[in-house]
Amino acid sequence: MLLFDLLSKKKKEMTKSAVLKKNLKDNKYIIHPNLIVRDSGSYAIPPYITEYDLNSTELLDKILYALEFSKEGGRPVEDPKIRVKEYLKGMGFKTMKALYENTINLSLYVRDGIITFTPWENKGSKEGFSGFKEDLTVKLPFNSPKEKLVKALELALSRCK
C-alpha cells in the first residue's frame, strides 16, 4: 500500500499543448491543439479554430478551448505528406510559403499546473519558426486569475517575430 501511494504521488499530470498562429496581414488567428508524442515532439490535430479580429480575452478563451482537445499518444501513422496537406487545409493555406508569409507563432503548454507561452521567430518556409537565443517564455500558474493570463498572452505575443 505504501509503494502504491508513492507511485500515485509521483504520477505526472498530462501535458496539454496548443499553437496560435496570427497572420498579421488580415488579423487572422489560427489555433489548434497538439498531439504530444513522447520523445518525438508534437503534431497539429483538429479542431483548427480560425477567427478574425479577436481581443486578448477572446483569444485566451479560444486557446483554452483548444487546449481541451490536446492529448498524448503515439506517433501518427498517416503518410507525412498527407498530414502536411491536411494541416495546411485545416489552417486555410495552400502552401507552406503562404503559411509563413506575414505570420507569427506562439506555442503554449500546460504541465504540472504551469502554463508556458513560448514565442517564436518566423524564418520563412525553408527554416520555419525558430526559438530565440535568449529565453523569452512567459510562465505562470495555470490557475492564475484570467487577467494575469491575458497579460501573459499579450506579453508573449509581443515577443513573436
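For the structure, see preceding data.
A few points on the structure. Residue numbering note: each chain is counted from 1, following its sequence as written. For this predicted model, a pLDDT threshold of at least 70 governs which residues receive local features, and a threshold of 80 or more governs which side-chain atom pairs are given and counted, while totals over whole chains, interfaces and linings are taken from all residues. Remark: hydrogens and water are excluded; side-chain values derive from all non-hydrogen atoms of the structure.

1. Concerning the environment of Val37
So the rule is basically this: Strands are runs of DSSP state E lasting at least 2 residues, helices are runs of H or I lasting at least 4, and numbering of each runs from the N terminus. For every residue, the accessible area (1.4 Å probe, protein chains only) is compared with the maximum for its type, and the residue is labelled buried under 20%, exposed over 50%, or partly exposed between those bounds.
Note that Val37 resides in strand β2 (residues 28–37). Taking the relative accessible area as the measure of exposure, Val37 reaches 8% and is therefore buried. Separated by 119 residues in the primary sequence, Val37 and Ala156 have C-alpha atoms spaced 25 Å apart.

2. Some details on the packing of aromatic side chains
The test is simple: Each pair of aromatic rings taken from Phe, Tyr and Trp, with Trp reduced to its six-membered ring, is defined by centres within 6.5 Å and is described as stacked if the planes are under 30 degrees apart, edge-to-face if over 60, and tilted in the remaining cases. Two conditions define a charge sitting above a ring: the NZ of Lys or the CZ of Arg must be within 6 Å of the ring centre, and it must be within 35 degrees of the ring normal.
On inspection of all chains with the given rule, the structure shows two aromatic pairs. Ring centres 5.1 Å apart and planes at 70 degrees place the aromatic pair Tyr65 and Phe69 in the edge-to-face group. Given a relative accessible area of 34%, Phe69 falls into the partly exposed group. Here the aromatic rings of Tyr100 and Phe129 are separated by 4.6 Å at their centres, their planes lie at 35 degrees, and the arrangement is tilted. Here Tyr100 is found in helix α4 (residues 96–100), whereas its partner Phe129 is found in strand β9 (residues 129–130), with 29 residues between them in sequence. Side by side, Tyr100 and Phe129 carry an identical accessibility label, which is buried. Taking the ring centre of Phe93 as reference, the NZ or CZ of Lys28 above it sits at 4.7 Å.

3. Looking at the nonpolar core
Where we set the bar: Here, the term nonpolar core denotes a set of buried Ala, Val, Leu, Ile, Met, Phe, Trp, Tyr and Cys residues that are joined through side-chain atoms within 4.5 Å. Whether two residues touch is decided by their heavy atoms; if any such pair falls within 4.5 Å, the residues are in contact.
The biggest cluster of nonpolar side chains holds 26 residues, and the ones touching the most others in it are Leu20, Leu59, Ile63, Leu106, Phe117, Leu153 and Leu157. Looking at this core, the elements with two or more residues in it are β1 (16–23), β2, α2 (56–67), β6 (103–111), β7 (114–119), β10 (138–141) and α6 (146–159). When residues of this core are assigned to their parent elements, the largest contribution, six residues, is made by α6. Sequence-distant contacts of Leu157, that is, excluding residues within four places in its chain, are made with Leu20, Leu59, Ile104 and Leu106. Of all hydrophobic cores here, the second largest spans nine residues; its members include Leu88, Phe93, Tyr100 and Phe129.

4. Remarks on unusual backbone geometry
Going from Pro46 to Pro47, the amide bond is cis rather than trans, its omega being 5 degrees. As for its placement among the helices and strands, Pro47 is situated in the loop between β3 (41–44) and β4 (49–52). One non-glycine residue with positive phi stands out, namely Asp53, at about 50 degrees. Within the element layout of this structure, Asp53 appears in the loop between β4 and α2. Of note in the backbone geometry, Asn102 takes a positive phi value of approximately 60 degrees without being a glycine.

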